[in-house]
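Structural characterization, general
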Amino acid sequence: MTASNFPEETLAGGYAVYTDAVGELRRRYSFDFVAIGLTAFVGAPLKWIYSAGATGERHKRIVLAPGHGIGGIVIKSGKPMLFTDIDEEIDPQEYSSYPIVFAEDLRSFCALPLKKNGRVVGSLLAAFRSVEPKHVAVYQQMIDDLGDALCDLEVVSEGFMNFEKIVEEKRPAKSGAPIPHSEITRIIGAQEDERKRISRELHDGIAQELWSVSFSLKRLRDMSMGAEERALIDEAGANIERILDELHNITVELRPSALDHLGFASALRSQAAIFERTYGAEIVFEGELSTERFPQALETQAYRICQEAMLNACKYSDSDRIGVSIESAGGWLRVSVSDAGCGFDVEEPEIRGSGCGLPGMKERAFLIGATLTIESGEEGTTVTLVAPMGTDEGAL
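What comes next concerns the included structure. This is a predicted model, so every value here is computed, not measured. Positions within a chain are numbered from 1, following the residues in the order the chain's sequence is written. Local features are withheld for residues below a pLDDT of 70 in this predicted model, meaning they are given only at 70 or higher, and side-chain atom pairs are given and counted only at 80 or more; totals for whole chains, interfaces and linings count all residues. Hydrogen atoms and water are omitted, and side-chain values are computed over all heavy atoms in the structure.

Observations concerning the overall build of the protein chain
Put simply, DSSP H or I for four residues or longer makes a helix, DSSP E for two residues or longer makes a strand, and each gets a number counted from the N terminus. Within the protein chain, the regular secondary structure consists of 13 helices and 13 strands. Residues counted as buried form 44% of the 396 residues belonging to the protein chain. Long-range contacts, defined as pairs at least 24 residues apart, comprise 67% of the intrachain contacts of the protein chain with a sequence gap of at least 6. For the exposure calls, accessible area comes from a 1.4 Å probe over protein chains only, and a residue counts as buried if that area is under 20% of its type's maximum, exposed if over 50%, partly exposed in between. Contacts between residues were defined by any pair of non-hydrogen atoms, one from each residue, lying within 4.5 Å.

Put into structure tokens, the structure is as follows:
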């Protein structure tokens, strides 16, 4: 079952039904600007894909993460938003938090969440570039006429959010210094380089030497000698084979060659096979990617996040089956790792091992501009990564 909210053609702006819908709403109610913003996946940013009355293409370049901007707040909260006079209701210092206001010089608007299959997948924005008392009645008339549907989407028009509360929550805390990400970024980049070096040395150095010793033992065994000597040689050979298997597992965990040569999906499947042999859980993959390769920064960080998620599921969930879903659409990569295990407290997780797993995953997601969602309870745990596929290789 696909996790994408819409087909690629729709996300690319090619669905004529939505194009006609925004044009009709603008004509019927004399709005200055109408737009439908869509998300590729739950947790993915919103883009204003379909519009009517735009002053240019600037609004189409706006990308709103959940909780940011008008569209992002609407999709995260699942509640509609209404402003009748922006200059009266928003502090000018807050304008930068709403890029569509700048892009289209909006002064009054109504934003309604749009649902599909019970989940919020987008937003309808209807707006004026002027302020007039009659606008409230126009918005209400539009809501009444729409009922609960726009094309094939469900419209949410009840429970308008308390904007003053939202503004307060968006303001940064007055105490506490910001986290310096640049140093962490440098450390993670250096760590990946060191992992690659050690992996290469283990494979090209120690592993090759052990293969040479194993070959010599096999030649020695073929020589004339007693049963006891042959048994000792067989035991030594078996130990070498075991050590070589361990070395292979270590080199894959450090830096899988498949990640450099074949890409993200192949490397993740290779790592999953090792976890299956090591921990006994079945790891099942589903979904397809639109391309085999991504920028190096995205491949590396997405792989590390999913590697950690699979490892945690294998070690701590007590689940016999782990599902990995991979998909790409609308320029975004979505990967989820889920289990039906015991779950844990996401807010205050019990520290096991080094205790660096979850913070490390969140930091890596930050580095590539991704959204990382961790949901856990009695039904199990799901870790979902939604990342832009255009992440620059220079991010690390």
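Here we look at the packing of helix α12 (residues 296-316) against helix α13 (residues 357-367)
For the pair α12 and α13, the least separation of the axes is 9 Å and the interaxial angle reads 155 degrees. Our classification of the angle between α12 and α13 gives roughly antiparallel. The two elements α12 and α13 meet at a crossing, and its hand is left-handed. Contacts between α12 and α13 involve Gln-301, Arg-304, Ile-305, Glu-308, Ala-309 and Asn-312 on the former and, on the latter, Gly-357, Met-361, Arg-364 and Ala-365. Only the contacting stretch of a helix is used when fitting its axis, a line to C-alpha atoms as for every element, and angles between N-to-C directions run 0 to 180 degrees. For classification, angles of less than 35 degrees are called roughly parallel, those exceeding 145 degrees roughly antiparallel, those between 65 and 115 degrees roughly perpendicular, and all remaining angles oblique. By the definition used in this description, the sense in which the near helix is turned from the far one sets the handedness, with an anticlockwise turn below a right angle giving left-handed and a clockwise turn giving right-handed.

Thoughts on the packing of helix α11 (residues 264-279) against α12
The description of two helices packed together rests on the angle between their axes and the distance between the axes. Contact geometry for α11 and α12: axes closest at 10 Å, N-to-C directions at 20 degrees. Relative to α12, the element α11 lies roughly parallel. In the packing of α11 onto α12, the handedness of the crossing is right-handed. In this structure, α11 contributes Phe-264, Ala-267, Leu-268, Gln-271, Ala-272, Phe-275 and Tyr-279 to the contact, and α12 contributes Glu-299, Ala-302, Tyr-303, Cys-306, Gln-307, Met-310, Leu-311, Cys-314 and Lys-315. Under the convention adopted here, Pro, Cys and the residues Ala, Val, Leu, Ile, Met, Phe, Trp and Tyr are nonpolar, Asp, Glu, Lys and Arg are charged, and Gly plus all remaining residues are polar. Looking at the contact of α11 with α12 residue by residue, the class counts come to 12 nonpolar, 2 polar and 2 charged.

Describing helix α3 (residues 69-77)
Most of α3 is tucked away, with 7 of its 9 residues classed as buried. Gly-69, Ile-70, Gly-71, Gly-72, Ile-73, Val-74 and Ile-75 are the residues of α3 that are buried. Looking one or two residues past α3, Gly-78 carries a phi angle of roughly 70 degrees, positive in sign.

Remarks on the nonpolar core
Here the nonpolar core consists of buried residues drawn from Ala, Val, Leu, Ile, Met, Phe, Trp, Tyr and Cys, with membership extended through side-chain atoms lying within 4.5 Å. Within the largest apolar cluster, 59 residues are counted, with the highest numbers of intra-cluster contacts made by Phe-109 and Met-142. Sorting elements by how many residues they give to this core places strand β6 (residues 119-128) first, with 7 residues. Excluding anything up to four places from it in sequence, Phe-109 contacts Ile-70, Met-81, Leu-82, Phe-83, Ile-86, Leu-125, Ala-126, Ala-127 and Tyr-139. Formed by 39 residues, the second largest nonpolar core is a distinct cluster that contains Ala-265, Tyr-303, Ala-370 and Met-389.

Things to note about the environment of Ser-338
In this structure, Ser-338 sits in strand β11 (residues 332-339). A relative accessible area of 26% places Ser-338 in the partly exposed class. Linking Ser-338 and Ser-376, residues 38 residues apart in sequence, is a C-alpha distance of 9.4 Å.

Regarding the sheet that holds strand β13 (residues 380-388)
Strands sit in the order β9-β10-β11-β13-β12 across an open sheet of 5 strands; the sheet is mixed. Of all strands in the sheet, those with a lone pairing partner are β9 (282-286) and β12 (371-377), marking the two edges. On average, each strand axis in the sheet is tilted by 10 degrees relative to the strand beside it, whichever way the strands run. Any two strands with at least two DSSP bridges between them are considered paired. Here β9 pairs with strand β10 (residues 321-329) via 5 bridges, running parallel. Paired with Val-284 across the two strands is Gly-323, which belongs to β10. Contacts from α12 reach β9, β10, β11, β12 and β13 within the one sheet, and its direction differs from that of β11 by about 10 degrees.

Here's the deal with the pairing of β9
Of the two faces of β9, only one is covered, namely that formed by Ile-283 and Phe-285; the face formed by Glu-282, Val-284 and Glu-286 stays uncovered. Orient the strands so they point away from the viewer; a crossover is then right-handed if the path from the first strand over the helix to the second runs clockwise. In the classification by handedness, the crossover that spans β9, the intervening α12 and the parallel β10 is left-handed.

Overview of the pairing of β11
The buried fraction of β11 is high, at 7 of 8 residues. For β10 and β11, the ladder comprises 8 bridges, and the chain directions are antiparallel. Considered in β11, the bridge of Val-324 is made with Val-337. Linking β10 to β11, which pair antiparallel, is a turn of 2 residues; within it Gly-330 sits at a positive phi near 60 degrees. In terms of strand pairing, β11 meets β13 through 8 bridges, oriented antiparallel. Its bridge partner lying in β13, Arg-334 is registered against Val-386.

Considering the packing of aromatic side chains
In this scheme Phe, Tyr and Trp rings, the latter by its six-membered ring, pair at centre separations within 6.5 Å, and the angle between planes marks the pair as stacked below 30 degrees, edge-to-face above 60, and tilted otherwise. This model, assessed by the stated rule, comprises 9 aromatic pairs. Arranged with centres 6.5 Å apart and planes meeting at 85 degrees, the rings of Phe-6 and Tyr-18 form a pair that is edge-to-face. Here Phe-6, found in the segment before α1 (8-11), pairs with Tyr-18, found in helix α2 (residues 16-29); they are 12 residues apart in sequence, far enough to count as distant. Among the aromatic residues, those joined into a ring-pair cluster are Phe-6, Tyr-15, Tyr-18 and Tyr-50.

Quick look at the pattern of salt bridges
A side-chain nitrogen of Lys or Arg and a carboxyl oxygen of Asp or Glu constitute a salt bridge if their distance falls within 4 Å. Overall, the coordinates contain 7 salt bridges when judged by the stated rule. Of the charged contacts in the structure, one is a salt bridge between Arg-28 and Asp-145, with a shortest N-O distance of 3.6 Å. Taken as a pair, Arg-28 in helix α2 and Asp-145 in helix α6 (residues 135-146) lie far apart in primary sequence, 117 residues in all. When its relative accessible area of 35% is taken as the criterion, Asp-145 is described as partly exposed.

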